[in-house]
Amino acid sequence: MTTKTNTATAEQHESMFDAVLARLDVAAKIYGLSDDVANILRNPQKQVKVSIPVMMDNGKLEVFEGFRTIHSTILGPSKGGIRYAMDVNDDEVKALSAWMSFKCAVANLPYGGGKGGIKCDPRKMSVGELERLTKAYTTAMADVFGPTKDIPAPDMGTSGREMAWLVDAYNKVHRGNFPGVTTGKPVGLGGSLGRDAATGRGVMVSTLAALKKMNLEAKNVTAAVQGFGNVGSHTARLLNEQGIKICAIGDHTATFWNEKGIDIKAALEFVKTSGGVLKGFTGGVEIKSNELLTSKVDVLVPAALQNVITEEVAHGIQAKLIVEGANGPTTAEADHILQEKGIIVVPDILANGGGVTVSYFEWVQNNYGYYWSEEEVNTKHDASMESAFEHVWNNGQKYKTTMRIGAYITALQKIELGIKAKGNY
Ligand code: GLU
């Protein structure tokens with residue numbers, strides 16, 4: 001085991017928020033963060049929970065639980081997605097909101113962090129039910145959200161469709177037109193070109209930047225991508241366009257391996273006709289989802305669920321580089337094993353920051369009322385991600401730590417400045 005600077009990291013973390021605190025404590029100690037600032041960041045600024053009664057198609061009323069946590073607004077309005085899933089709970093939303101504070105700071109955006117969610121199974125609901133649920137949730141959160149207060153976006157289980165419903169409900173409550181109340185909207189309704197692919201694009205830019213540091217060339221590299229939703233599918237496509245051979249892909253329905261490289265264009269075509277899932281794809285042999293994580297590739301991109309890289313999985317990982325497309329795919333315990341094995345991990349709060357970076361560009365365009373070309377968005381995005389990567393890498397080197405802790409330190413430096421400059425009551 002490597003040197004432990006924090007006792008909390010030795011325990012198994014039942015709570016996701018505890019896992020955030022474990023990393024925060026390690027980074028705070030290495031960086032020398034004051035206890036006052038650490039205490040502020042250990043406690044989310046605001047937590048809201050609402051009950052949302054919705055009339056279902058069968059004529060029965062169902063009551064859903066909705067959450068929104070604002071972790072911090074030190075650097076600007078809180079920013080972060082809304083997740084629809086059965087395992088949404090306040091601990092998870094709290095953890096994800098803190099990660100958003102750090103992610104926005106690492107990406108150098110004028111935002112704090114927030115996250116929301118509704119405990120529901122969107123796959124089992126009709127479009128009408130989802131629209132009523134989204135609008136009722138927005139109405140319940142009408143005083144929390146706001147273009148200068150708290151700005152949602154899509155996350156797991158939501159997309160531009162839900163964001164368009166959200167804006168509509170918000171506009172009706174506040175009697176005006178407020179496209180900047182959310183990001184990730186459809187293009188034509190205030191959405192930005194390039195937003196859809198942005199998280200995957202950021203993962204691609206971070207992967208190339210890391211390969212450069214490792215003196216590896218994209219064309220000689222193989223990769224496995226877990227998740228084939230918004231993040232995973234764009235990541236696989238963009239990495240492949242850079243010459244990287246994608247040997248494994250998978251989603252919650254099926255996982256495939258092909259030593260010669262999976263035809264990503266064919267996989268993208270396949271999911272268009274299969275209801276968005278990989279089950280039934282014939283471009284590789286079917287393997288178990290965990291086998292993808294330990295497969296013989298150079299780069300591993302977990303771009304689906306949290307906590308998939310556990311201690312046990314970490315022991316079996318053969319990749320030299322992990323780029324975290326998902327939020328929180330690696331447990332705090334697994335971090336130590338990856339570090340011991342010398343595997344470079346580009347952490348979530350850096351690697352998947354492309355999404356919120358283009359969200360910021362979308363919000364700027366909304367405030368401006370003037371829209372940019374996709375090329376302009378992508379150019380600004382790539383420059384911003386590359387500079388965030390360098391900053392984190394340099395902090396990792398300077399403080400002789402991992403990129404994850406380097407990223408936390410990068411965030412802490414900016415947030416600490418903000419807290420100190422603003423002063424206290
Ligand atoms: N849900 C995305 C994330 O976790 C995007 C957040 C945003 O654009 O505000 O980073």
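Refer to the structure printed above.
Residues numbered from 1 in each chain as written. Predicted model: local features only at pLDDT ≥ 70, side-chain atom pairs only at ≥ 80, totals over all residues. Heavy atoms only, no water.

S.K.: What's the story with the side chain of Glu416 in this structure? I'm lost.
M.R.: Within the secondary structure layout, Glu416 lies in helix H15 (residues 403-422). Residues within four places of Glu416 in sequence aside, it is in contact with Tyr31, Leu33, Ser34 and Val37. (Helix = DSSP H or I, 4+ residues; strand = E, 2+ residues; numbered from the N terminus. Contact = heavy atoms within 4.5 Å.)

S.K.: What is the right way to look at the site of the ligand in this model?
M.R.: Surrounding the ligand, one finds 14 residues, the nearest of these being Lys79, Lys103, Pro154, Asp155 and Ser359. The separation between an oxygen atom of the ligand and a polar side-chain atom of Arg195 is 3.2 Å. At a separation of 3.1 Å, an oxygen atom of the ligand approaches a polar side-chain atom of Asn327. Elements supplying a minimum of two residues to the shell around the ligand: helix H3 (90-106) and helix H13 (354-368). Considering every element that reaches the shell around the ligand, the biggest residue donor is H13, with 3 residues. Of the residues that constitute the shell around the ligand, the class distribution is 4 nonpolar, 5 polar and 5 charged. (Near = heavy atom within 4 Å. Polar contact = N/O pair within 3.5 Å; in protein donor to acceptor, adjacent residues only side chain to side chain. Nonpolar A, V, L, I, M, F, W, Y, C, P; charged D, E, K, R; others polar.)

S.K.: Can you walk me through the packing of helix H1 (residues 16-31) against H3 in this structure?
M.R.: For any two helices packed against each other, one specifies the inter-axial angle together with the distance between the axes. Interhelical geometry of H1 versus H3 gives an angle of 30° and a closest axis separation of 7 Å. What the angle tells us is that H1 and H3 run roughly parallel. Listed contacts from H3 to Met16, Phe17, Val20, Arg23 and Leu24 of H1 are Asp91, Glu92, Lys94, Ala95, Leu96, Ala98, Trp99 and Phe102. Across the contact of H1 with H3, the residue classes break down as 9 nonpolar, no polar and 4 charged. (Axes fitted to C-alpha atoms, helices over the stretch in contact; angles between N-to-C directions. Parallel < 35°, antiparallel > 145°, perpendicular 65-115°, else oblique.)

S.K.: How do you make sense of the pairing of strand E2 (residues 61-72) when you look at a structure like this?
M.R.: Residues in a regular strand point their side chains to alternate faces of the sheet. Here strand E1 (residues 46-55) runs beside E2; their pairing, made up of 10 bridges, is antiparallel. What sits directly across from Lys46, in E2, is Ile70. Count of turn residues in the E1/E2 antiparallel hairpin: 5 residues, of which Gly59 carries a positive phi of about 90°. Of the pairings in the sheet, the one linking E2 to strand E5 (residues 112-119) comprises 6 bridges and is antiparallel in character. By the bridge assignment, Thr69 is partnered in E5 with Lys115. (Pairing = 2+ DSSP bridges.)

S.K.: In this structure, what is going on with the pattern of salt bridges? I would like to understand it.
M.R.: Should their charged atoms come close, side chains of opposite charge can pair. Summed over the entire model, instances satisfying the criterion amount to 25 salt bridges. For the salt bridge of Glu376 with Lys380, the shortest nitrogen-to-oxygen distance reads 3.1 Å. Of this pair, Glu376 and Lys380 are both found in helix H14 (residues 374-398), 4 residues apart, which corresponds to roughly one turn of the helix. Here Glu376 falls in the partly exposed class, since its relative accessible area comes to 33%. Here Lys380 falls in the partly exposed class, since its relative accessible area comes to 33%. What emerges from the salt-bridge pattern is a single network uniting Arg23, Glu324, Asp335, Asp348 and Arg404. (Salt bridge = Lys/Arg side-chain N within 4 Å of Asp/Glu carboxyl O. Buried < 20%, exposed > 50% of the residue type's maximum accessible area, 1.4 Å probe, protein only.)

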